[in-house]
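Geometric and topological summary
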Amino acid sequence: MIAKTFQGLEEVLAKELIELGANDVQIGRRMVSFTGDKAMKANFCLRTAIRILKPIYHFKAQDADEIYETLKGFDWESYMDVNTSFAVDSVVYSDEFRHSKFVAYRVKDAIADRFREREGKRPSVQVTNPDLLFHIHIAQEKCTLSLDSSGESLHRRGYRQEAVEAPLNEVLAAGLILMTGWKGETDFIDPMCGSGTLPVEAALIARNIAPGIFRKEFAFEKWTDFDSDLFDAIYNDDSAEREFNHHIYGYDNDWKAVNIAKANVRAAGMVNVIDIEHRELSDFVQPAEPAIMVTNPPYGERLKPDDLFDLYRLLGSRLKNAFQGNQAWIISYKEECFNKIGLKPSVIVPLFNGALPCEFRKYELFNGRFSEFREGGEQLNKDERPMRERRPLHLRQAATEAPSEGEENNGERNAMTFDTPEEEQAYRSRLDRHNEFNREHEARERKERRSHYADEEGGEHKRPYRRDGERGGFRKDGERGGFRGGSSRGGFKRDGERGGFRKDGERGGFRKDGERGGFRKDGERGGFRKDGERGGFKKSYG
C-alpha cells in the first residue's frame, strides 16, 4: 500500500507506520510504501498521511490508446458493478503522457466501454462522493492503478469549523509537532496560532487521540469487502489514549482569528486542554512552567515587508528575553525573516508548505552565556533531527525527477491537487500575495541602496559615476578620473581599438586630426570647426 504525504514529512510518516505495525516500510518521495492489511487503521490513525492508496494493477503503456486497451481488458467486475458510481484521479510524469486529465478520460472510457459491451449499460461517473475512486499513476511508461481508500483528503480532520486566511494544513501541523519529539511532556505554546491548528493537533498528540475520530466517512467503507465490525472495533478502541497533565496555549493579536480558534477548539472537544487568548506578541512573558513553542508566523500575505521584518525581530527579542530555558521551533518561508530573529538554530529541517520551500528551525534558549551553559554540563540537543547540508532558501527548488507512485505531481514542479475549485483559488491567491511581497521587498532594497549613495554624497542623492551593462554608458575611473564609455554597442571611447574621439561611417562625424588639433565635421555640407588662437566654434562652408 502507499501512504502519500508532503515533501519533508516522509521520515515522520514512516515512523508512524512502523509504530502502527506495518511491514516492509519503504520511504519514497512524498510517499511511503508498506505491506499489511492496514488500510482502515492507516486512514484512521496516521497523522501525517494525506491519503492511502491500494495498488491493484501494474502495467506498461506507451500512449493513451494502449492504456485504454489494457484497462478495457482488466477485471473490473471484481471491484464494482454497473450500478457503482466511480471517479478517476490521475498523476502523470512522462514524456509521452503530457495531459493527466486526458489519461483519466481514457481510463473512464475503458471502464464504461467494458460494461457497455458486456451488459449493455455503463456505470455512472460521479466526481463528488463516488462509490469508488480509482487512481492512475504514470512514471514514463510504468503505470499503476490503485484504489483510493481515503476519499476526501485526510488533512480534513472534521473539527475545523472555520479558518483564517491561508491556514496551516492539519497534516503539516501534526508533522511539525512530531518532528520536535514532543508528546505532551511539557506545556505547549503557539504565540501566533491563527485558527488554532497547531494547538488542536498538539492536543490530539498529547492525548494520543486518533485524528480520524472526527471524520464522517472514509472511501473504504463503500468497498465490497468492507468489514464494518473490524472498523467499529478500531473506531471504539481508546486503550491507547492517555492523560495530559500540562496545558496548551494559543495566542493571536487578531480577534477574528481568536474567535475562530476558540470555535475549532470547542469542536475538537479540547476546551479543558487548550486556552486561546487575544494577546500581542510584545506582551509575551516568560511561562511559569517548562514549555515548547511551535509556531508558524506570517510569511507576508497580509503584512508589508517592513512590518513583517519588525514582527520577526520582535519574535527573536521575546525568545531571548522571555523564553529562556525552553525550546522554540519556527517554520518560515524567507531567509530574510529568519535572519531578523537574530538567533542561531541548532536544527534546520527543509520541507514544503504546499508549493513553498520552507525551513523548520529549532532554537534552544538558555540563561546567561553559551560558555556558562556548556560549563554547566548542558549541550544543544540535536538528536531529534540532525542539521542537513542544504542550499539557501532562495535557491531551493522542487526536485524535478520522476515522482514516486501515489504522489500528487503531473509533471509540473510540486504540482498540487485540490478537492474544490474554491480551495485552488484560495491557494493561487496566496501565491500571488507572496509574489507581491517579493516585489515590494526588492523595491525596498533598491530604496536602501539609493539612500546609501545619498549618505556617501553628504545627504544629497547623486547617481554614481558608473553605468554598466550591455547598453554601455559613462564610467568614472582611473587616478585622474574622466569619463569613458565602455560598451560593445558603441559610444565614445578614448584610447581603444578604434582610436581616439572618432565616429566613422558613411555619414561622417567628429574626428580629431591635424597638428593644430580641433574637431572638424567633414562632409559635403561642411560643419563645425575649431580653429584659431582664441578657439571657439566657427561654422564654415566650403
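This one's a predicted model, so the numbers in the text were calculated from it and none came from an experiment.

1. Focus on the sheet that holds strand 1 (residues 2–4)
Read across the sheet, seven strands follow the order 2-3-1-4-7-6-5 without closing on themselves; strand pairing throughout is mixed. The open sheet has two edge strands with one neighbour each: strand 2 (23–27) and strand 5 (86–93). Neighbouring strand axes in the sheet, compared pairwise and without regard to direction, differ in orientation by 30 degrees on average. Pairing between strand 1 and strand 3 (residues 31–35): three bridges, direction antiparallel. Each bridged residue has a counterpart across the sheet, and for K4 the counterpart in strand 3 is M31. Taken strand by strand, helix 3 (residues 64–72) contacts strand 4 (51–60), strand 6 (132–139) and strand 7 (142–148), and its axis lies near 100 degrees from that of strand 4. Contacts from helix 4 (residues 100–119) reach strand 5 and strand 6, with the element oriented near 140 degrees to strand 5.

2. Concerning the packing of helix 5 (residues 170–180) against helix 6 (residues 197–206)
Between helix 5 and helix 6, the least distance of the axes is 9 Å, while the angle of their chain directions is 60 degrees. Of the possible angle classes, the one that applies to helix 5 and helix 6 is oblique. By crossing handedness, the relation of helix 5 to helix 6 is classed as right-handed. From helix 5, E170, A173, A174, I177 and L178 reach across to helix 6, where they touch T197, L198, E201, A202 and I205. Each residue belonging to the contact of helix 5 with helix 6 can be placed in one class, and the counts come to seven nonpolar, one polar and two charged.

3. Side note on the pairing of strand 5
Among the eight residues in strand 5, seven count as buried, and that is most of the element. Note on the crossover from strand 5 through helix 4 to strand 6: the handedness is left-handed.

Procedures and definitions
Throughout, a residue's number is its position along its own chain's written sequence, starting from 1. Totals for whole chains, interfaces and linings use every residue, but because this is a predicted model, local features are given only for residues with pLDDT of at least 70 and side-chain atom pairs only at 80 or more, for both listing and counting. The side-chain numbers reported here are obtained from all heavy atoms of the structure, hydrogens and water having been left aside. Whether two strands pair comes down to DSSP finding at least two bridges between them. Helical segments are the DSSP runs of H or I of at least four residues, strand segments are the runs of E of at least two, and each set is numbered from the N terminus. The axes used here are C-alpha line fits, helices contributing only the stretch in contact, and every angle between their N-to-C directions lies in the interval 0 to 180 degrees. Residue contacts follow a heavy-atom distance rule, with two residues in contact if any of their heavy atoms lie within 4.5 Å. Angular relationships are summarised with four words: roughly parallel below 35 degrees, roughly antiparallel beyond 145, roughly perpendicular across 65 to 115, and oblique for the angles in between. The hand of a helix crossing depends on one turn: near helix anticlockwise from the far one by less than a right angle means left-handed, and clockwise means right-handed. All residues other than Ala, Val, Leu, Ile, Met, Phe, Trp, Tyr, Cys, Pro, Asp, Glu, Lys and Arg, Gly among them, are scored as polar; the first ten of these are nonpolar and the last four charged. The classification of residues rests on relative accessible area computed with a 1.4 Å probe and restricted to protein chains. Under 20% of the type maximum is buried, over 50% is exposed, and intermediate values are partly exposed. Handedness of a crossover is defined as follows: with both strands directed away from the viewer, a clockwise route from the first strand across the helix to the second makes it right-handed.

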